[in-house]
Each structure stands twice: as structure tokens, then as C-alpha cells.
Amino acid sequence: GAVVSQHPSWVICKSGTSVKIECRSLDFQATTMFWYRQFPKQSLMLMATSNEGSKATYEQGVEKDKFLINHASLTLSTLTVTSAHPEDSSFYICSARGGLAGGFGPGTRLTVT
Amino acid sequence: AQKITQTQPGMFVQEKEAVTLDCTYDTSDPSYGLFWYKQPSSGEMIFLIYQGSYDQQNATEGRYSLNFQKARKSANLVISASQLGDSAMYFCAMREGGNTPLVFGKGTRLSVIA
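Residues numbered from 1 in each chain as written. Chains lettered and ligands numbered in written order. Predicted model: local features only at pLDDT ≥ 70, side-chain atom pairs only at ≥ 80, totals over all residues. Heavy atoms only, no water.

Before we move on, could you go through the overall build of chain B and cite the residues and values that matter?
Scanning chain B for helices and strands turns up zero helices and twelve strands. Its C-alpha atoms give chain B a radius of gyration of 14 Å, near enough to 13 Å, the size a compact globule of 114 residues would have. If you line up chain B on its principal axes, its C-alpha atoms span 40 × 25 × 20 Å. Evaluated residue by residue, chain B yields a buried proportion of 45% over its 114 residues. Across chain B, the mean location of the 10 positive side-chain charges is 3 Å away from that of the 10 negative side-chain charges. (Helix = DSSP H or I, 4+ residues; strand = E, 2+ residues; numbered from the N terminus. Rg over C-alpha atoms; globule rule 2.2 N^0.38 Å. Buried < 20%, exposed > 50% of the residue type's maximum accessible area, 1.4 Å probe, protein only. Lys, Arg positive; Asp, Glu negative; His and termini not counted. Charge placed at Lys NZ, Arg CZ, Asp CG, Glu CD.)

Shown next, in the form of C-alpha cells:
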């Protein structure tokens, strides 16, 4: 149980374009989803917390207009990186939680050229 | 202030030997949970073991055990009988009471040598 999927697993995009990453809870209802970013050889850093049906809460230093998070249903949250730049290249991981169930997605590796 | 401290950037261990990965934490919340995750080169976060702040006994999961010393605020991971497949990054994390996110330490890279 507590399976979380993420799509795509990797994506390459050109600078200035937008990229959408999906995070789905497959066998439980995720009332809360967390989005993390991990740069090479570093730890996971929380970007934002989203509760279903509410606006996301962003961590200090994370631009909410650049990283758009939508959590419109109990099984899906999306992270859209708008006007991506090379410095946004990173590994993005979601974590979904609902009641006692929870888990991490497998991550999305974003490369911006 | 760092909530989770992992002081060992890298560790080496001989195959079949035991290894301890250190983790100390800082919280004033009486209710919290401590987690260990393994992250291989693929990037996925693999849950290993969990210890609740009110748990009386140290958690164990197969070859993994957590040496929980509440007064010292430490939660070291012990891996027994190391295998080559144990080579990976290991992260200690904490969640304080309520529906809060996990906070991670900087991680320890474990290399198992044949």
C-alpha cells in the first residue's frame, strides 16, 4: 500500500519553457502533498506543502509564481515550473500523505538547457 | 538551527560487517517521529525504519535497527551484515507532531567494500 507515482521520471526542456510534473497517490487518498527539490550531492529541501483544495504554502525563498502547485483532487498534485532556467535543473520529489498512509514518489529529474 | 544532523559525509564498511550511521536531532515537541531512508543512485527514497518518540523499544526491521537514545537526542541507524547493495546515500529525517513535512539531514554516503 501507499504507492505514489510521479510523471515524468525525467524531462529535458529549453530555457524559458514551462514543465509540469504530476504526483499521484495510487491506492490511498492524499490529503497533503509535499514537494521537495534535491540538487546534486545535497539533501532534500522542502519547497511547498499543499492540502487538497487549498492554496499551497511555500517555504521561504521559493518563488510561488515560478513553482505553481495545484492539488485539486485527493489523488493528484501538480508542480509546474514556469519559465524554466538552467538553475532550475534539479531532482524534484513529491511525498503524499493521507491518514496513516504515505510515501514518496520516485522523483523527476529536470534538465533545463 | 539544524534540526537533523548527520556528521558523517561518507562511510566505508567491509562486506558482512556491521556499520552505524549517526544522526542527532533537535526538537522541543514531545511528539515526533524519526525516519531513515536509503537513496540509491536512481534517486528513489526507500523507507527503512521508523521510531516514534514514545516508543519504549528500539525499532528493528530485518538487518536495520535504530539505536534510539532519547536523552541524547540521537537516532543512529545500525546496518548488520552489510551487503554490496547497501551502498547508497542514507538520510535521517524527523517529523514533529501533526501533519508536518519531514525534515532531512544532509545524508551519509555509505560504500560497502567487497
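Talk me through the interface of chain A and chain B; I want residue IDs and the actual numbers.
At the junction of the two partners, chain A supplies 16 residues and chain B supplies 17 residues. Both sides of the chain A and chain B interface together cover about 1100 Å² of buried area, and 53% of this is carbon and sulfur. Counting the surface chain A buries against chain B, the share from its top three residues, Ser43(A), Arg97(A) and Phe104(A), is 42%. On the surface where chain A and chain B come into contact, there are zero salt bridges. For the pair chain A and chain B, the number of links is six residue pairs in polar contact (both at pLDDT 80 or more). Elements with a contribution of two residues or more to the side of chain A that touches chain B: strand S4 (32-38), strand S5 (45-51) and strand S9 (90-98) of chain A. In terms of residues, the side of chain A that touches chain B owes the most to one element, S4(A), which gives four residues. (Contact = heavy atoms within 4.5 Å. Buried area = accessible area lost by both parts, 1.4 Å probe. Salt bridge = Lys/Arg side-chain N within 4 Å of Asp/Glu carboxyl O. Polar contact = N/O pair within 3.5 Å; in protein donor to acceptor, adjacent residues only side chain to side chain.)

I'd like to hear about the sheet that holds strand S1 (residues 4-7) of chain A, residue by residue, with values.
Residue and element names in this part refer to chain A. In spatial order, the strands read S1-S3-S8-S7; together these four strands make up an open sheet with antiparallel pairing. The strands lining the two open edges of the sheet, one partner per strand, are S1 and strand S7 (67-73). Within this sheet the neighbouring strands show an average axis-to-axis angle of 15 degrees, counted without direction. Bridge analysis of S7 against strand S8 (residues 76-81) gives five bridges, and the strand direction is antiparallel. Note on S8: the bridge partner recorded for Ser73 is Leu76. (Pairing = 2+ DSSP bridges. Axes fitted to C-alpha atoms, helices over the stretch in contact; angles between N-to-C directions.)

Give me the layout of surface pockets: which residues, what numbers.
Taken as a whole, the largest pocket spans an internal volume of roughly 500 Å³. What lines the largest pocket is a set of 22 residues, among which Gln38(A), Pro40(A), Lys41(A), Gln42(A) and Arg109(B) lie closest to the centre. When contributions to the lining of the largest pocket are tallied by element, the ones reaching two or more residues are S9 of chain A together with strand S10 (88-96) of chain B. Of the residues that constitute the lining of the largest pocket, the class distribution is eight nonpolar, ten polar and four charged. (1 Å grid on protein atoms, 1.4 Å probe; cavity = no way out; pocket = protein on both sides within 12 Å on 5 of 7 lines; lining within 4 Å. Points joined across faces, edges and corners; volume = space filled by probe spheres on them. Nonpolar A, V, L, I, M, F, W, Y, C, P; charged D, E, K, R; others polar.)

Go over the environment of Leu102(B) with me, naming the residues and quoting the values.
By the element assignment, Leu102(B) lies in the loop between S10 and strand S11 (103-104). Residue Leu102(B) is classed as buried on the basis of its relative accessible area of 5%. Taking the C-alpha atoms as reference points, Leu102(B) and Cys92(B), ten residues apart in sequence, are found 9.6 Å from one another. If near-sequence neighbours (up to four positions away) are discounted, Leu102(B) is found in contact with Tyr36(A), Arg97(A), Phe104(A), Phe35(B), Tyr37(B), Ala93(B), Met94(B) and Arg95(B).

Quick one: what's the story with the environment of Leu110(A), residue by residue and with numbers?
All names here are of chain A. Mapped onto the fold, Leu110 is located in strand S11 (residues 108-112). Taking C-alpha positions, Leu110 is 9.7 Å from Ala84, a pair spaced 26 residues apart along the chain. Setting aside residues no more than four positions away along its own chain, Leu110 makes contact with Val11, Cys13, Val19, Val81, Asp88, Ser89, Ser90 and Tyr92.

Could you give me a rundown of the pairing of S5(A), with the residues and numbers involved?
Residues and elements named next belong to chain A. Counting buried residues along S5, five of its seven residues qualify, which places the element largely inside the surrounding structure. Of the pairings in the sheet, the one linking S4 to S5 comprises six bridges and is antiparallel in character. Note that in S5 the partner of Phe34 across the bridge is Thr49. In this antiparallel pair of consecutive strands, S4 and S5, the connection spans six residues, and Lys41 shows a positive phi of 60 degrees. The pairing of S5 with strand S6 (residues 57-58) spans two bridges and is antiparallel. Considered in S6, the bridge of Thr49 is made with Thr57.

Structural measurements only, silent on function.
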